[in-house]
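Survey of secondary and tertiary structure
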Amino acid sequence: KINIVYLAFLFFLGFALLAPPNWWNCIIRVNCDTKESLAAAHVPVIAAFSSGGVGGCFLGPQLIRWQEEMEQAGYPGHWLPSREEKCMPPPEYRAEVSSMDSPDISQFGCTGPNNCYPTEFRWEVIIVYLCYILVNHAFVKLVLQGPVASYIRRRQRTQDAKLFGTPSEDGGSTRSVGGVDSDGDELSSEQASDSDLRVRA
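Note that the coordinates shown come from a computational prediction; the quantities given were computed from them, not determined experimentally.

Cut-offs applied
- Numbers given to residues run from 1 along each chain, matching the order in which its sequence is written.
- The predicted origin of the model limits local features to residues at a pLDDT of at least 70 and limits the giving and counting of side-chain atom pairs to 80 or more, whereas totals for whole chains, interfaces and linings rest on all residues.
- The basis for every side-chain value is the complete set of heavy atoms in the structure, and neither hydrogens nor water enter the calculation.
- Helix and strand definitions here come from DSSP, where helices need a minimum of 4 consecutive H or I residues and strands a minimum of 2 consecutive E residues; each element is numbered from the N-terminal end.
- Contacts are assigned to residue pairs that have any heavy atoms within 4.5 Å of one another.
- Two distance rules govern patches: like charges are joined within 9 Å, and nonpolar side chains (Val, Leu, Ile, Met, Phe, Trp, Tyr) within 5 Å, applied only to residues with over 30% relative accessible area and no salt bridge.
- The method behind every accessible area is Shrake-Rupley, applied with a 1.4 Å probe, and residues are considered shielded solely by the protein chains displayed.
- Here, a salt bridge means any side-chain nitrogen of Lys or Arg that lies within 4 Å of a carboxyl oxygen of Asp or Glu.
- With a 1.4 Å probe rolled over the protein chains alone, any residue whose accessible area is under 20% of its type maximum counts as buried; one over 50% counts as exposed, and the rest are partly exposed.
- Between N or O atoms, a polar contact is any pair within 3.5 Å; within protein, one atom must be a potential hydrogen donor and the other a potential acceptor, and residues adjacent in sequence are included only when both atoms are from side chains.

Describing the environment of Ala149
Mapping Ala149 onto the fold places it in helix α6 (residues 147–164). Contact partners of Ala149, with chain neighbours within four places excluded, come to Val143 and Leu144.

Examining a nonpolar patch on the surface
A contiguous nonpolar surface patch, about 300 Å² in accessible area, is contributed by Phe11, Phe12 and Phe15. The class for Phe15 is partly exposed, based on a relative accessible area of 36%.

Description of the side chain of Asn31
Among the structural elements, Asn31 can be located in the loop between α2 (23–28) and α3 (34–39). Separated by 2.8 Å, the side chain of Asn31 and the backbone nitrogen of Tyr117 make a polar contact. Residues within four places of Asn31 in sequence aside, it is in contact with Ala16, Leu17, Ala19, Pro21, Asn25, Asn115, Cys116, Tyr117 and Arg122.

Observations regarding the pattern of salt bridges
Following the criterion strictly, the structure yields two salt bridges and no others. A salt bridge links Glu69 to Arg65; its shortest N-O distance comes to 2.9 Å. Here Glu69 pairs with Arg65, and both are found in helix α4 (residues 63–72), just four residues apart, close to one helical turn. Residue Glu69 is classed as buried on the basis of its relative accessible area, which comes to 12%. The exposure class of Arg65 is partly exposed, given its relative accessible area of 34%.

Here it is in structure tokens:
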């Protein structure tokens, strides 16, 4: 089941990167434009989990162009689009600003202010995305569950055997007569006895 959730997660992220604007993209606010943001108002339940703005105007960076043009045309204050005006500038200023179809406002197949990615950039992100997945799986299989982890475990067992002895048949452990010091070097019987007495003291 966890693999199904994992695959679904990867699919929806990849879909959001490559798909044209749609209600799903506007809920997660990736590759979304004004047209689809307004249409997403009718999406039930799941829209409540969005970061915000679903069903309203999309506040893309292209708005700066409209704001600057309206300021030059004498608009007082700081303008922001509203759903009531269909996210367009006020009627009396529309002749003074770039049209909705202008490449300064609508681009990369998106309508109105947006955060749509160019096609080339989308594929670059997908390649990085896939490389990250491969590196992550390789790390788990080769390091955490593979030869690297096996080598570390064998080394740890060897060190434990030198320090604490090896398991005996009756479930206890056997230890070399001389023992080892803190550096892992073997001690003579006398040195080991002196060391035990110091510890007990």
